[in-house]
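Letter by letter, the chains look like this.
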Amino acid sequence: MRPVFYARPVVEVARELIGCVVSHDGCAGVIVETEAYHHSEPACHGFVGLTERTRVLFGPPGCAYVYRSYGVHACLNAVCEPPGVGAAVLIRALEPVEGIDRMRRRRGLDRLEDLCSGPGKLTQALGIGLEDNGCQLSRGPVLIARRPRAWRGAQIAVSKRIGITKATELPWRFCAVGSRCLSRPAFSRA
DNA sequence: CATGGGATTGACT
DNA sequence: GTCAATCCCATGC
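The rules behind the values
As a convention, each chain's residues are numbered from 1 in the sequence order in which they are written. Key to labels: chains lettered from A, ligands numbered from 1, both in the order written. Given that the model is predicted, a residue must reach a pLDDT of at least 70 before its local features are reported, and side-chain atom pairs must reach 80 or more before they are shown or counted; all residues, however, enter totals for whole chains, interfaces and linings. To get the side-chain values, all heavy atoms of the structure are used, and hydrogens and water are removed first. Here a residue is considered near a molecule or strand provided that any single heavy atom belonging to it is located within 4 Å of it. Polar contact is defined as a pair of N or O atoms within 3.5 Å, subject to the rule that within protein one atom must be able to donate a hydrogen and the other to accept it, and that residues adjacent in sequence are counted only when both atoms are side-chain atoms. Any residue that is not Ala, Val, Leu, Ile, Met, Phe, Trp, Tyr, Cys, Pro, Asp, Glu, Lys or Arg is counted as polar, Gly included; the first ten are nonpolar and the last four charged. The numbering of helices and of strands both runs from the N terminus, where a helix is a DSSP run of H or I of at least 4 residues and a strand a run of E of at least 2. Both cavities and pockets are sets of points on a 1 Å grid over the protein atoms alone; in a cavity a 1.4 Å probe fits but cannot get out, in a pocket the set is open with protein on both sides within 12 Å along at least five of seven lines, and lining residues sit with an atom within 4 Å of a point. Grid points are joined across faces, edges and corners, and a volume is the space filled by probe spheres set on the points. Planes of paired rings set the category: under 30 degrees apart is stacked, over 60 is edge-to-face and the rest tilted, where pairs are Phe, Tyr or Trp rings (Trp by its six-membered ring) whose centres lie within 6.5 Å. Only Lys NZ and Arg CZ are tested; either one counts as a charge over a ring when it is within 6 Å of the ring centre and within 35 degrees of the ring normal. With a 1.4 Å probe rolled over the protein chains alone, any residue whose accessible area is under 20% of its type maximum counts as buried; one over 50% counts as exposed, and the rest are partly exposed. Only heavy atoms enter the contact rule, under which two residues are in contact if any of them lie within 4.5 Å.

Trainee: Sorry, what's going on with the protein's contact with DNA strand C here?
Mentor: Taken together, V48, T51, R53, R68, Y70, G71 and V72 are the residues near DNA strand C. In the interface set of DNA strand C, defined as its atoms within 4 Å of the protein, sugar plus phosphate atoms amount to 68%. Take Y70: an N or O atom from its main chain is 2.7 Å from a base oxygen of DNA strand C. A class-by-class count of the residues in the surface near DNA strand C yields three nonpolar, two polar and two charged.

Trainee: Which parts of the structure should I look at to understand the protein's contact with DNA strand B?
Mentor: In the region of DNA strand B, 19 residues are neighbours, and Y67, H73, N77, R107 and G163 sit closest. Between DNA strand B and A43 there is a distance of 3.3 Å, counted from a base nitrogen to a backbone nitrogen or oxygen. At a separation of 3.2 Å, a phosphate oxygen of DNA strand B approaches a polar side-chain atom of R92. At the level of elements, β3 (64-69), β4 (73-79), β5 (87-98) and α4 (119-126) are the ones that each hand at least two residues to the surface near DNA strand B. Broken down by class, the residue content of the surface near DNA strand B amounts to seven nonpolar, nine polar and three charged.

Trainee: Sorry, what's going on with the layout of surface pockets here?
Mentor: The rolling of a water-molecule-sized probe over the atoms marks out the regions of remaining empty space. Put simply, the largest pocket is a space of about 780 Å³. Around the largest pocket sit 33 residues that line it, and Y37, H45, Y67, G163 and I164 are the ones nearest its centre. Contributions of two or more residues to the lining of the largest pocket are made by β3, β4, β5 and α4. By residue class, the composition of the lining of the largest pocket is 16 nonpolar, twelve polar and five charged.

Trainee: What exactly am I supposed to notice about the packing of aromatic side chains here?
Mentor: Each aromatic ring pair is described using two quantities: the centre-to-centre distance and the angle formed by the ring planes. Scanning the entire structure with this criterion turns up two aromatic pairs. Ring plane angle 85° and centroid distance 5.0 Å describe the contact between F5 and Y6, whose orientation is recorded as edge-to-face. Over the ring of F5 we find R8, and its NZ or CZ is 4.9 Å from the ring centre. Positioned above the aromatic ring of Y37 is the side chain of R161, whose terminal nitrogen or guanidinium carbon lies 4.5 Å from the ring centre.

Trainee: Help me out: how do you make sense of α4 in this one?
Mentor: Each turn of an α-helix holds 3.6 residues, which means side chains three or four residues apart point in the same direction. Judged by how many residues are buried, α4 sits mostly within the fold: six of eight residues are covered. P119, G120, L122, T123, A125 and L126 are the residues of α4 that are buried. Along its buried surface, α4 packs onto β1 (21-24), β2 (27-38), β4, β5 and α3 (100-107). G127 sits one or two positions beyond α4 and adopts a positive phi of about 75°.

Structure (structure tokens):
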């Protein structure tokens, strides 16, 4: 989608990204799990303000913010809100739709539900790395495209975010209800 | 310049 | 359920 799609409140974008399609290097998957992060709350990297690490996070909406997690994994985010606001949507899980054999090779696993059911898993499956940090999601190499019609009516669950120690009370996680490719099951709904 | 911690995963008990 | 791997960077001395 164009940058204007992302230039809105990050929680709104996080919800609307469910059902959209991420693609990179011949592989693609439908987004089934997201989380919103905003510099006003301490779980966000941007909470400490603008630094070299968070430069992309505070930059123009519609760019990819890719960071290393636990020194091991890469995580993919879509930068949101106007420039100067540190906000992004963490892409937490996909349902594979294209390039599945390539994903299997990259992951060293067979089962469809194991390929992209976590933020570190999906970047590995799609071959997304730190070198993609800052790229425009409307131009690539990492792309996010509009929701296919079949996903327009998907029911969405809302819950607290996962794997963080601060601001854990915010209901900023969104999941496609019934998907078998979530990083963890969805509970509440809305 | 040294240190500590993290938006995770996979292997093992 | 527990735990190591592994590295970037913010922080503090």
